Amino acid sequence: MALVKKEHFGIARKIVSNMTSESWETIPHATMTYEADITDLMPQYKKLNEDCTDKTKKITINTIMLKILCEGLKAAPKMNTHLIFNRKLVRGCLKYYDHIDISMPLVLPTGEMMTVNMHDMGNKSLSEMTDAINDTIRRAKGSDMNEVMFEVSLDNTLNGLKEGKILQAIRRLYGSKTGKHKVKTLTGKDKKEYYAIPTTERLTKHDIEQGTTTISNLGSIYKEQKGFCALLEIIPPQTTAFAINAAQKRPTVVTDENGKESIEIRTILPITIAIDHRALDYGDVVPFMKKLDEIFANPEVVLGWK
């Protein structure tokens, strides 16, 4: 067996590796799948874009699904929380928020994946959500992602110092600033010029700080996906994570207004739901699923969200 090459992690992969490791080391995950029948939703989706001539203003099915999940979270506020838990002292505290900040994985122009924070998405219309997402993508193109991610990493390390995590801080600084694993950031004139760019034209740590929940659109990465994501990580201190899978044609039992059952080919979009079992039980997810049931049974409601 011959070694082909060695690839050292860049800062993006380091951050993902660290956060997901912490997730699986500390969080008892519980998952379930909600199978959304979007057959009747699709004609309403098309109506939303009937008069749209500007492609940048077009509302996508991803945006609609983000909005639907936000409506579900409003019905189940316990799912939009941060957990502070001390296992040694067996003390826990849930922090509730009056807004929904979505941590959303985004494919960068370089092909790398990075999670951005889409702030206050629960109170935005579909058009406002579309504008916010497009603006984030636009600013990402003018950003040095190593700089942005190092800002967040450094901020996280400094917060750890405040919490007494001295050894962790020393290890992180050593790992990021020495040897072959050194993180390359801007210096001198290049750094000065970069930070002179207005924050309206680039991403900052505010754009990739921790949200209140994470929603990943796996279906947008591979539309031919069959089945669904069975397990996904929750990033602490969040207590939930969601994966929107690809829409798929399936034979489905449907009941008409007379109670008669038949089998039809329907468009099903599976949604994977992961919860932190320290903070939530399955019963806490029921209001969320009932809200989604209500929306998919009356899909014309999305027209009022534009």
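This write-up is about the structure you can find in this document. These numbers were taken from a predicted model, which means no experiment stands behind them.

Calculation criteria
Residues numbered from 1 in each chain as written. Predicted model: local features only at pLDDT ≥ 70, side-chain atom pairs only at ≥ 80, totals over all residues. Heavy atoms only, no water. Helix = DSSP H or I, 4+ residues; strand = E, 2+ residues; numbered from the N terminus. Rg over C-alpha atoms; globule rule 2.2 N^0.38 Å. Buried < 20%, exposed > 50% of the residue type's maximum accessible area, 1.4 Å probe, protein only. Contact = heavy atoms within 4.5 Å. Areas by Shrake-Rupley, 256 points an atom, 1.4 Å probe, with all protein chains shown as cover. Lys, Arg positive; Asp, Glu negative; His and termini not counted. Charge placed at Lys NZ, Arg CZ, Asp CG, Glu CD. Axes fitted to C-alpha atoms, helices over the stretch in contact; angles between N-to-C directions. Parallel < 35°, antiparallel > 145°, perpendicular 65-115°, else oblique. Left-handed = near helix turned anticlockwise from the far one by under 90°. Nonpolar A, V, L, I, M, F, W, Y, C, P; charged D, E, K, R; others polar. Core = buried A, V, L, I, M, F, W, Y, C linked by side-chain atoms within 4.5 Å. Phe/Tyr/Trp six-rings, centres within 6.5 Å; stacked < 30°, edge-to-face > 60°. Lys NZ or Arg CZ within 6 Å of the ring centre and 35° of its normal. Salt bridge = Lys/Arg side-chain N within 4 Å of Asp/Glu carboxyl O. Patch = residues over 30% accessible without salt bridge, like charges linked within 9 Å, V, L, I, M, F, W, Y side chains within 5 Å. Pairing = 2+ DSSP bridges. Arc of directions from axis to C-beta.

1. As for the overall build of the chain
Right, on to step 1. Along the backbone of the chain there are 10 helices and 9 strands.
Right, on to step 2. Taken over C-alpha atoms, the radius of gyration comes to 21 Å for the chain, in line with the 19 Å a tight globule of 306 residues would show.
Right, on to step 3. Overall size of the chain, expressed as C-alpha extent along the three principal axes, is 70 × 55 × 50 Å.
Right, on to step 4. Taken across its 306 residues, the chain has 40% of its residues classed as buried.
Right, on to step 5. Looking at the chain alone, contacts between residues at least 24 apart form 70% of all its contacts between residues at least 6 apart.
Right, on to step 6. Split by element, the accessible area of the chain, about 17,500 Å² in all, is 55% carbon and sulfur.
Right, on to step 7. Mean positive and mean negative side-chain charge positions of the chain (43 and 39 charges, respectively) differ by 8 Å.

2. Notes on the packing of helix α3 (residues 61-75) against helix α10 (residues 286-297)
Right, on to step 1. Between α3 and α10, the shortest axis-to-axis distance is 7 Å and the interhelical angle comes to 135°. With respect to their mutual orientation, α3 and α10 come out oblique. Once α3 is placed against α10, the crossing between them reads as right-handed. The segment α3 lies against α10, with Met 65, Ile 68, Leu 69, Glu 71, Gly 72, Leu 73 and Ala 75 engaging Pro 287, Phe 288, Lys 291, Leu 292, Ile 295 and Phe 296.
Right, on to step 2. For the contact of α3 with α10, a count of residues per class yields 10 nonpolar, 1 polar and 2 charged.

3. Concerning the nonpolar core
Side chains that are nonpolar tend, in soluble globular proteins, to be buried together.
Right, on to step 1. Ile 273 and Phe 288 are the most contacted members of the largest nonpolar core, which has 59 residues in total.
Right, on to step 2. A per-element tally of this core places α3 first, with 7 residues.
Right, on to step 3. Setting aside chain neighbours within four positions, we find Ile 273 in contact with Ala 30, Thr 31, Met 32, Tyr 34, Met 79, Ala 241, Phe 242, Val 285 and Phe 288.
Right, on to step 4. Of all hydrophobic cores here, the second largest spans 7 residues; its members include Ile 27, Leu 232, Ile 234 and Ala 274.

4. Section: the packing of aromatic side chains
Right, on to step 1. If you walk through the whole model with that rule in mind, you get 3 aromatic pairs.
Right, on to step 2. We note Arg 202 situated over the ring of Tyr 194; from NZ or CZ to the ring centre the distance is 5.2 Å.

5. Description of the pattern of salt bridges
Right, on to step 1. Across all of its chains, the model carries 16 salt bridges by this definition.
Right, on to step 2. With a closest N to O distance of 2.9 Å, Arg 138 and Glu 201 form a salt bridge. Of the two residues, Arg 138 is situated in helix α4 (residues 126-141) and Glu 201 in the loop between α7 (188-195) and α8 (205-208); the sequence distance between them amounts to 63 residues.
Right, on to step 3. Classification of Arg 138 as partly exposed rests on a relative accessible area of 38%.
Right, on to step 4. Judged by relative accessible area, Glu 201 falls into the partly exposed class, the value being 38%.
Right, on to step 5. Linking Arg 278 and Asp 276 is a salt bridge whose minimum nitrogen-to-oxygen distance equals 2.8 Å.
Right, on to step 6. Connected through salt bridges with shared partners, the residues Asp 135, Arg 138, Arg 139, Glu 201 and Asp 207 form a single ionic network.

6. Details of a nonpolar patch on the surface
Right, on to step 1. Nonpolar side chains collect at one region of the surface, where Val 107, Met 113, Ile 221 and Tyr 222 lie side by side and expose about 410 Å² of accessible area between them.
Right, on to step 2. Within the secondary structure, Ile 221 sits in helix α9 (residues 218-221).
Right, on to step 3. Note on Ile 221: relative accessible area 56%, which makes it exposed.

7. Comments concerning the pairing of strand β3 (residues 91-96)
Right, on to step 1. For strand β2 (residues 81-86) and β3, the ladder comprises 6 bridges, and the chain directions are antiparallel. Across the sheet, Ile 84 pairs through a bridge with Cys 93, a residue of β3.
Right, on to step 2. Hairpin connection, β2 to β3: the antiparallel pair is bridged by 4 residues, and Val 90 has positive phi, about 55°.

8. Some words on helix α2 (residues 41-48)
Right, on to step 1. When α2 is considered as a whole, its buried residues turn out to be Leu 41, Gln 44, Tyr 45 and Leu 48. Taken around the axis of α2, the buried residues stretch over an arc of 105°, which confines them to a single face.
Right, on to step 2. If you follow the buried residues of α2, they end up packed against α3, α4 and α10.

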